[in-house]
Amino acid sequence: QGVEVQTDYVPLLNSLAMYGWQLTCVLPTPIVKTNREGNLSTKQIVFLQRPSLPQKAKKKESKVNTL
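Residues numbered from 1 in each chain as written. Predicted model: local features only at pLDDT ≥ 70, side-chain atom pairs only at ≥ 80, totals over all residues. Heavy atoms only, no water.

Before going further, it helps to spend a moment on the overall build of the protein chain. A count of helices and strands for the protein chain gives 1 helix and 2 strands. For the protein chain, the α and β elements follow one another from N to C terminus as α-β-β. In the protein chain, which comprises 67 residues, the share counted as buried stands at 1%. The contacts of the protein chain with a sequence gap of at least 6 include a subset with a gap of at least 24, amounting to 40%. Element-wise, carbon and sulfur atoms account for 54% of the exposed surface of the protein chain, whose accessible area totals about 7100 Å². (Helix = DSSP H or I, 4+ residues; strand = E, 2+ residues; numbered from the N terminus. Buried < 20%, exposed > 50% of the residue type's maximum accessible area, 1.4 Å probe, protein only. Contact = heavy atoms within 4.5 Å. Areas by Shrake-Rupley, 256 points an atom, 1.4 Å probe, with all protein chains shown as cover.)

A few words now on the pairing of strand β1 (residues 22–34). Judged from the 9 bridges that link them, β1 and strand β2 (residues 40–49) form a sheet pairing that is antiparallel. Within the sheet, the bridge partner assigned to Q22 lies in β2 and is Q49. Hairpin connection from β1 to β2: 5 residues lie between these consecutive antiparallel strands, with G38 at a positive phi of about 90 degrees. (Pairing = 2+ DSSP bridges.)

Next up on the list: the environment of T24. Mapping T24 onto the fold places it in strand β1. Here the alpha-carbon distance between T24 and V46, two residues 22 residues apart in the chain, equals 7.9 Å. What T24 contacts, discounting residues up to four positions off in sequence, is F47, L48 and Q49.

Here it is as structure tokens:
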């Protein structure tokens, strides 16, 4: 009651999105800190993922056995 939650992941997500990263999950932790103004802050664990990039097809060189 009377608590306002402020989170702003937009700058983080925008900076990582250009490299293909996507936010998948945010987990709150029990870590709570108070700053000088009396505001509480919590730590959160952020999970990101990026689709796997297709690997370049390796050229199969035929091996010639000479005896």
